[in-house]
Amino acid sequence: MNQNKLSADPLALILGVLALVIGIASCCCYGITAIVPLIMAIIGLVVANKSLKEFGENPEAFSPQSRSNVNTAKIINIIAIVINGLIVLMAAAVLIFYGTMLSSGMLDGFNDFENDDYYYDSEMESDSLNTWEDDTYEDDTYIIEEDSTEVDTNEKEFF
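Residues numbered from 1 in each chain as written. Predicted model: local features only at pLDDT ≥ 70, side-chain atom pairs only at ≥ 80, totals over all residues. Heavy atoms only, no water.

(A) Layout of the overall build of the protein chain. Of regular secondary structure, the protein chain possesses 3 helices and 0 strands. The linear arrangement of helices and strands in the protein chain, starting from the amino end, is α-α-α. Summarising the internal contacts of the protein chain: among those between residues at least 6 apart in sequence, 80% fall at separations of at least 24. A total of about 12,500 Å² of accessible surface is found on the protein chain, and carbon and sulfur atoms cover 62% of it. (Helix = DSSP H or I, 4+ residues; strand = E, 2+ residues; numbered from the N terminus. Contact = heavy atoms within 4.5 Å. Areas by Shrake-Rupley, 256 points an atom, 1.4 Å probe, with all protein chains shown as cover.)

What follows is the structure in structure tokens.
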């Protein structure tokens, strides 16, 4: 009796292991590359299911060790699909969150900051071009005088 290996015996296992390794490593890249291992895991799961169906039709033609390997590959591919699916969903949520933040208010804040800098620079340039009669006056010097006399609360003074 000749017992062969299932067609997905090495392939499904390799795809599952690579999908797990690349998927976990894609966490360092903010999940952007998690789509590739997700696709690899789906392909590995489909190939493993086809091989298990083939084993179910003719169990005498294939070795039980090969069936065990394909069953393990199926489990690894399911785990890889779940992990990579979560990573892709989290990466999409982060991109949507930052995209919303940037489009709503943060860009306005950055633009206001840039305009304030431009206004400040142009104001400083125009001040340096103006000549004043009294050179001792500086824009940053303010003299605040407080009246030390008590003010009646019923009587209001406007200056």
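From this point, things continue past the structure.
(B) Here's a closer look at the packing of aromatic side chains. Following the criterion strictly, the structure yields 1 aromatic pair and no others. Look at F97 and Y98: their rings are 5.5 Å apart centre to centre, the planes differ by 65°, and that puts the pair in the edge-to-face class. For F97, a relative accessible area of 48% translates into the label partly exposed. (Phe/Tyr/Trp six-rings, centres within 6.5 Å; stacked < 30°, edge-to-face > 60°. Buried < 20%, exposed > 50% of the residue type's maximum accessible area, 1.4 Å probe, protein only.)

(C) Representation of the confidence of the model for the protein chain within the structure. Averaged over every residue, the pLDDT of the protein chain is 77; the share at 70 or more is 64%. Mean pLDDT values over the elements of the protein chain span from 76, in helix α3 (residues 64-129), up to 92, in helix α2 (residues 35-57). (pLDDT = per-residue confidence, 0-100.)

(D) Here's a closer look at the nonpolar core. Membership of the largest hydrophobic core is limited to 9 residues, which are L6, A8, A12, A48, L52, F55, F62, V70 and A73. Among the secondary structure elements, those contributing two or more residues to this core are α2 and α3. Sorting elements by how many residues they give to this core places α2 first, with 3 residues. Non-local contacts of F62, meaning those with residues more than four positions away in its chain, are made with Q3, N4, K5, L6, E54 and F55. Residues L15, A19, M40 and A80 belong to the second largest nonpolar core, which totals 5 residues. (Core = buried A, V, L, I, M, F, W, Y, C linked by side-chain atoms within 4.5 Å.)

(E) The packing of helix α1 (residues 9-25) against α2, seen in detail. Orientation of α1 relative to α2, taken along the N-to-C sense of each, is 160°, at an axis distance of 8 Å. Considering their axes alone, α1 and α2 lie roughly antiparallel with respect to each other. Considering the relative orientation of α1 and α2, their crossing is left-handed. Together, L11, A12, L15, L18, A19, I22 and G23 of α1 and P37, M40, A41, I43, G44, V47 and A48 of α2 make up the contact between the two elements. For the contact of α1 with α2, the per-class residue count stands at 12 nonpolar, 2 polar and no charged. (Axes fitted to C-alpha atoms, helices over the stretch in contact; angles between N-to-C directions. Parallel < 35°, antiparallel > 145°, perpendicular 65-115°, else oblique. Left-handed = near helix turned anticlockwise from the far one by under 90°. Nonpolar A, V, L, I, M, F, W, Y, C, P; charged D, E, K, R; others polar.)

(F) Representation of a nonpolar patch on the surface. A surface patch of nonpolar side chains, about 340 Å² in accessible area, is lined by I24, I75, I79 and I83. For the nonpolar patch, the element with the highest residue contribution is α3, accounting for 3 residues. Along the chain, I24 falls in helix α1. (Patch = residues over 30% accessible without salt bridge, like charges linked within 9 Å, V, L, I, M, F, W, Y side chains within 5 Å. Salt bridge = Lys/Arg side-chain N within 4 Å of Asp/Glu carboxyl O.)

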